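Now for the letters of each chain:
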Amino acid sequence: ETGVTQTPRHLVMGMTNKKSLKCEQHLGHNAMYWYKQSAKKPLELMFVYNFKEQTENNSVPSRFSPECPNSSHLFLHLHTLQPEDSALYLCASSQDSGRNEQFFGPGTRLTVL
Amino acid sequence: QQQVKQSPQSLIVQKGGISIINCAYENTAFDYFPWYQQFPGKGPALLIAIRPDVSEKKEGRFTISFNKSAKQFSLHIMDSQPGDSATYFCAASTGSGATNKLIFGTGTLLAVQP
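Residues numbered from 1 in each chain as written. Chains lettered and ligands numbered in written order. Predicted model: local features only at pLDDT ≥ 70, side-chain atom pairs only at ≥ 80, totals over all residues. Heavy atoms only, no water.

Q: Could you clarify how one ought to interpret the interface of chain B and chain A in this entry?
A: Many analyses report the size of an interface as the accessible area lost when the parts associate. Listed as interface residues are 21 residues of chain B and, on the opposing side, 22 residues of chain A. Roughly 1700 Å² is buried in total at the junction of chain B and chain A, and carbon and sulfur atoms are behind 50% of that figure. For E56 of chain A, the salt bridge goes to K101 of chain B, with nearest N and O atoms at 3.0 Å. Here the side of chain B that touches chain A is composed, by residue class, of eight nonpolar, ten polar and three charged. (Contact = heavy atoms within 4.5 Å. Buried area = accessible area lost by both parts, 1.4 Å probe. Salt bridge = Lys/Arg side-chain N within 4 Å of Asp/Glu carboxyl O. Nonpolar A, V, L, I, M, F, W, Y, C, P; charged D, E, K, R; others polar.)

Q: What am I meant to see in the sheet that holds strand β6 (residues 56–59) of chain B here?
A: Strand pairing in a sheet relies on backbone hydrogen bonds. The paired strands run either parallel or antiparallel. Residue and element names in this part refer to chain B. Taking strand neighbours across the sheet as the criterion, the five strands line up as β1-β3-β8-β7-β6 in an open arrangement whose pairing is antiparallel. If you trace the sheet from one side to the other, it starts and ends with β1 (4–7) and β6, each paired once. Neighbour-to-neighbour, the strand axes of the sheet open up by a mean angle of 15°, direction not taken into account. Judged from the four bridges that link them, β6 and strand β7 (residues 62–67) form a sheet pairing that is antiparallel. Looking at β7, one finds that E59 is bridged to F62. (Pairing = 2+ DSSP bridges. Helix = DSSP H or I, 4+ residues; strand = E, 2+ residues; numbered from the N terminus. Axes fitted to C-alpha atoms, helices over the stretch in contact; angles between N-to-C directions.)

Q: I'm lost on the state of the cysteines in this one. Help?
A: Working definition of a disulfide: a covalent bond connecting the sulfur atoms of two cysteines. Residues and elements named next belong to chain A. Inspection of every chain in the model, using the stated rule, returns two disulfides over all chains. In this structure C68 is not part of a disulfide, and its nearest cysteine sulfur, from C91, lies 9.0 Å away. A residue is classified by how much of its surface remains accessible, and C68, at 11% relative accessible area, is buried. (Disulfide = S-S within 2.5 Å. Buried < 20%, exposed > 50% of the residue type's maximum accessible area, 1.4 Å probe, protein only.)

Q: Which parts of the structure should I look at to understand the sheet that holds strand β1 (residues 4–7) of chain A?
A: Residues and elements named next belong to chain A. Pairing in this open sheet of four strands is antiparallel, and the strands run β1-β3-β8-β7 from one edge to the other. Each edge of the open sheet is held by one strand with a lone partner, namely β1 and β7 (64–70). For this sheet, the mean angle separating the axes of adjacent strands, direction not counted, is 20°. The pairing of strand β3 (residues 18–25) with strand β8 (residues 73–79) spans seven bridges and is classified as antiparallel. Residue pairing across strands places E24 opposite H73, the latter belonging to β8.

Q: Explain the side chain of N30 of chain A here, please?
A: Residues and elements named next belong to chain A. Note that N30 resides in the loop between β3 and β4 (31–37). On the accessibility criterion, N30 (19% relative accessible area) is buried. What N30 contacts, discounting residues up to four positions off in sequence, is Y49, N50, F51, S71, S94 and Q95.

Q: What am I meant to see in the packing of aromatic side chains here?
A: For any pair of aromatic rings, the description rests on two quantities: the centre-to-centre distance and the angle between the ring planes. All names here are of chain B. By the definition in use, this model includes 14 aromatic pairs over all chains. Seen in terms of ring centroids, F33 and F66 are 4.8 Å apart; in terms of plane orientation they differ by 45°. Their pairing is tilted. On the criterion of sequence distance, the pair formed by F33 in strand β4 (residues 33–38) and F66 in strand β7 is long-range, its members being 33 residues apart. Residues F33 and F66 agree in their burial class; the two are buried. Geometrically, the ring pair formed by F33 and F73 is tilted, given 4.9 Å between the ring centres and 55° between the ring planes. Placement of the pair is F33 in strand β4 and F73 in strand β8 (residues 72–77), with a sequence separation of 40 residues. On the accessibility criterion, F33 (0% relative accessible area) is buried. (Phe/Tyr/Trp six-rings, centres within 6.5 Å; stacked < 30°, edge-to-face > 60°.)

Q: Sorry, what's going on with the nonpolar core here?
A: If you look at soluble globular proteins, the nonpolar side chains tend to sit buried side by side. Residues and elements named next belong to chain B. Core analysis: the biggest nonpolar cluster contains 25 residues, and V4, F33, W35, F73, L75 and Y88 have the highest contact counts within it. Contributing elements (two or more residues each) for this core: β2 (10–14), β3 (19–25), β4, β5 (45–50), β7, β8, β9 (86–92) and β11 (108–113). Considering every element that reaches this core, the biggest residue donor is β9, with four residues. For F73, the contacting residues outside a window of four places in its chain are V4, I21, N22, C23, Y25, F33, W35, S65, F66, C90 and A91. (Core = buried A, V, L, I, M, F, W, Y, C linked by side-chain atoms within 4.5 Å.)

Q: How should unusual backbone geometry be read in this particular structure?
A: Backbone geometry follows two general trends: most residues other than glycine have a negative phi, and most peptide bonds adopt the trans configuration. Here the amide bond leading from T7 of chain A into P8 of chain A is cis, since omega sits at -10°, within 30 degrees of zero. Within the secondary structure layout, P8 of chain A lies in the loop between β1 and β2 (10–13). Each neighbour pair has its own omega, and for S7 of chain B with P8 of chain B the value is -5°, a cis peptide bond. Within the secondary structure layout, P8 of chain B lies in the loop between β1 and β2. A positive phi angle is found at K52 of chain A, which is not glycine, with a value near 70°. One can find K52 of chain A in the loop between β5 (44–50) and β6 (53–57). Overall, K52 of chain A belongs to the partly exposed group, its relative accessible area being 42%. Its identity as a non-glycine residue notwithstanding, D79 of chain B has a phi of 45°, on the positive side. By the element assignment, D79 of chain B lies in the loop between β8 and β9. Given a relative accessible area of 40%, D79 of chain B falls into the partly exposed group.

Structure below.
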């Protein structure tokens, strides 16, 4: 595997379910990001981790819970989501959070019923 | 002030033509302006980027033009090809602080007709 990978690629869940999204980067980077991409809206930064420490939480509702066990892996735990949370969730990484160039994964298409 | 405004929302260009996408910003602290290209089913990929110390940067058929005084920058795709059909996002960020946040535009869906 190369670059940034995300699993699953598609996820359908009910509002009472609990699920997790996984991201793995194979680039030796130290910063990882979660973004939400909705149609006709700018990419919304959700969380930033730098050297496993969370450095940014962009006022994200608590039903989204990130976890970064090491610099290569990032999870987004989901529970009690709302239909408006349906979107493409993108993971990205960069050398560190002070470097501008970010490399994106293919995303997880989430549908909340 | 943190917004980046992008236009047009969609663009249709004939093969061989020039595609032009524009972005404008307000925050004069922005000092890094990348363009990302996104194909269906893929994540955005960095296409080309510019810093405000130059007015133009060219990489192959892709050129960024930057107007610091107008706080505008644009992407020009010369000799557009059907394979260029994708969504293009401009973005901006500052170089200060521990976390450089990329502020994205809303995207432009480009269709290049054969």
